[in-house]
Amino acid sequence: MKTPKICKTRAELKAAIAEANPESLGFVPTMGALHEGHGSLFSVAREENELVVISIFVNELQFNDAGDYSRYPRQLDADVQLAAQAGVDIIFAPAPVEVYQAGLPLIRLSSGRMGELYEGASRPGHFDGMLAVVAKLLHLADPRQGQYRAYFGQKDAQQVVLIRRMVADLDYPVQLRSVPIVRSEKGLALSSRNALLSAEEKEAALVLHRAISLIADRAARNEPLNVEDAVGMFQMEPLVELDYFTVVDPNTLEELAFNCQDTPFTGQGLILVAATVGKVRLIDNQPIGD
Ligand code: PAF
């Protein structure tokens, strides 16, 4: 097992990429506290690229609460271990001043309406802050020649849609890949938050996947989705409080009201769900259609 090269500065990262001179580079931005879900992103990047670069950077701009930002786990040694096991070549682990060299940016990207819906409704400004750092990191890891691919987890579906849009709108020369959600045997989407659930809550949380599967199966048969049936499943689970369950257009995040009622489902959609189980907020999703 090879230990990844750790770069703390932009100059070190640039030099390490130039030295490798890869035909293809796979970049996976993260905030550290790495787990199996990240591991699957690294593995896909490893299969598809000559050089795999990840970043570990806790981005102040995407936290609504200063306390959450300071409490966010920082565990570089453990992260390096996991990255090494997944075959990562380079870890970019900069200090905030290295990323925001001119101070926190005065010119900001706006995620617009798409950033205010769903997760954005409970975390105002989160997606603008996320885009601010992803926009910079995509520049910093850009190999300037050869194939350039960036990998994001489908678990954060709204984030993926917004980054896709930013890359298209701002003409970033990078191919985006969203890597499917990793699930427990029973179907629970893997998340570091699952560790905070009791055994009983974990069982109750399976309703997210059951409800998604009900609607995804109907979509696969081109039946009307009747999303209300999925919403009803949450009412049977006293430990689970539903925030939203909806089917949206995967490019605009606008609700597919027409497809969700009594007309046969056609085209594409994205099922999105968020719910609180005990004290833990969970999200899940599934693309449906062609
Ligand atoms: O998904 C994350 O971990 C973060 O939002 C990202 C993409 C690394 C930006 O800070």
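Now for a look at the structure at hand. (Residues numbered from 1 in each chain as written. Predicted model: local features only at pLDDT ≥ 70, side-chain atom pairs only at ≥ 80, totals over all residues. Heavy atoms only, no water.)

1. A word on the packing of helix H10 (residues 207-220) against helix H11 (residues 227-235)
Part 1 of the reasoning: The N-to-C vectors of H10 and H11 enclose an angle of 165°; their axes lie 9 Å apart at closest approach. Judged by the inter-axis angle, H10 sits roughly antiparallel to H11. For the pair H10 and H11, the sense of crossing is right-handed. Within the contact between the two elements, H10 uses Val207, Leu208, Arg210, Ala211, Leu214, Ile215 and Arg218 and H11 uses Val227, Asp229, Ala230, Met233 and Phe234.
Part 2 of the reasoning: Considering only residue class, the contact of H10 with H11 consists of nine nonpolar, no polar and three charged. (Axes fitted to C-alpha atoms, helices over the stretch in contact; angles between N-to-C directions. Helix = DSSP H or I, 4+ residues; strand = E, 2+ residues; numbered from the N terminus. Parallel < 35°, antiparallel > 145°, perpendicular 65-115°, else oblique. Left-handed = near helix turned anticlockwise from the far one by under 90°. Contact = heavy atoms within 4.5 Å. Nonpolar A, V, L, I, M, F, W, Y, C, P; charged D, E, K, R; others polar.)

2. Examining the pattern of salt bridges
Part 1 of the reasoning: All told, the structure shown has 14 salt bridges when counted by the stated rule.
Part 2 of the reasoning: Between Asp169 and Arg165 there is a salt bridge, with the nearest N and O atoms lying 3.1 Å from each other. Taken together, the residues Asp169 and Arg165, both in helix H8 (residues 157-169) and four residues apart, mark about one turn of the helix.
Part 3 of the reasoning: The class of Arg165 is partly exposed, set by a relative accessible area of 44%.
Part 4 of the reasoning: Taking the shortest distance from any N to any O, the salt bridge between Arg281 and Asp243 comes out at 2.5 Å. (Salt bridge = Lys/Arg side-chain N within 4 Å of Asp/Glu carboxyl O. Buried < 20%, exposed > 50% of the residue type's maximum accessible area, 1.4 Å probe, protein only.)

3. Side note on unusual backbone geometry
Part 1 of the reasoning: Backbone geometry at Arg144 places phi at a positive 70°, although glycine is not the residue there.
Part 2 of the reasoning: Tracing the backbone through its elements, the reader meets Arg144 in the loop between helix H7 (126-140) and strand E5 (147-153).
Part 3 of the reasoning: Taking the relative accessible area as the measure of exposure, Arg144 reaches 63% and is therefore exposed.
Part 4 of the reasoning: The residue Leu253 is not glycine, and still its phi comes out positive at about 65°.
Part 5 of the reasoning: Looking at the element boundaries, Leu253 is found in the loop between strand E7 (240-248) and helix H12 (257-260).

4. A look at the site of the ligand
Part 1 of the reasoning: Every residue near the ligand is listed here: Pro29, Thr30, Met31, Gln62, Met130, Val133, Val134 and Gln159.
Part 2 of the reasoning: Gln62 is positioned such that a nitrogen or oxygen atom in its side chain is 2.7 Å from an oxygen atom of the ligand.
Part 3 of the reasoning: In this structure, Gln159 approaches the ligand through a side-chain N or O atom, which is 2.7 Å from an oxygen atom.
Part 4 of the reasoning: Protein contact buries 88% of the 290 Å² of open area that the ligand shows by itself.
Part 5 of the reasoning: No other element matches H7, which puts three residues into the shell around the ligand.
Part 6 of the reasoning: Its residues placed into classes, the shell around the ligand shows five nonpolar, three polar and no charged. (Near = heavy atom within 4 Å. Polar contact = N/O pair within 3.5 Å; in protein donor to acceptor, adjacent residues only side chain to side chain. Areas by Shrake-Rupley, 256 points an atom, 1.4 Å probe, with all protein chains shown as cover.)

5. Description of the packing of H7 against H8
Part 1 of the reasoning: Two elements in contact, H7 and H8, have axes whose closest approach is 11 Å; the angle formed by their N-to-C orientations is 50°. Regarding the angle of H7 to H8, the classification is oblique. Every pair of crossing elements has a handedness; the one defined by H7 and H8 is right-handed. Here H7 contributes Phe127, Met130, Leu131, Val134, Ala135 and Leu138 to the contact with H8, which in turn contributes Gln158, Gln159, Leu162, Ile163, Met166 and Val167.
Part 2 of the reasoning: Of the residues assigned to the contact of H7 with H8, the class counts are ten nonpolar, two polar and no charged.

6. Some details on the packing of aromatic side chains
Part 1 of the reasoning: With the rule as written, the count across this model stands at five aromatic pairs.
Part 2 of the reasoning: Consider the rings of Phe63 and Tyr72, whose centres lie 5.6 Å apart with planes at 75°: the pair is edge-to-face.
Part 3 of the reasoning: You can call Tyr72 partly exposed: its relative accessible area is 25%.
Part 4 of the reasoning: Connected via pairs of aromatic rings, a cluster forms that spans Phe63, Tyr69 and Tyr72.
Part 5 of the reasoning: Sitting over the face of the ring of Tyr69, Arg74 holds its NZ or CZ atom 4.9 Å from the ring centroid. (Phe/Tyr/Trp six-rings, centres within 6.5 Å; stacked < 30°, edge-to-face > 60°. Lys NZ or Arg CZ within 6 Å of the ring centre and 35° of its normal.)

7. Observations regarding helix H2 (residues 36-48)
Part 1 of the reasoning: With 13 residues, H2 extends 19 Å from end C-alpha to end C-alpha; this agrees with the ideal 18 Å at 1.5 Å per step.
Part 2 of the reasoning: Within the sequence span of H2, burial applies to Gly37, His38, Gly39, Leu41, Phe42 and Ala45.
Part 3 of the reasoning: Contact partners of the buried residues in H2: strand E2 (24-30), strand E3 (51-56), helix H4 (76-85), E5 and strand E6 (175-179). (Expected span 1.5 Å × (residues − 1).)

8. A look at the environment of Glu241
Part 1 of the reasoning: You can see Glu241 is positioned in strand E7.
Part 2 of the reasoning: For Glu241, the residues in contact, after removing those within four places along its chain, are Ala275 and Thr276.

9. Some remarks on the side chain of Asp89
Part 1 of the reasoning: Inspection of the secondary structure assignment puts Asp89 in the loop between H4 and strand E4 (90-92).
Part 2 of the reasoning: Judged by its relative accessible area of 11%, Asp89 is buried.
Part 3 of the reasoning: Side chain to side chain, Asp89 and Lys2 meet in a polar contact 3.0 Å long.
Part 4 of the reasoning: Among the polar contacts made by the side chain of Asp89, one reaches the side chain of Arg46 at a distance of 2.9 Å.
Part 5 of the reasoning: Residues in contact with Asp89, not counting those within four places in the same chain, are Lys2, Pro4, Lys5, Arg46, Glu50, Leu51 and Val52.

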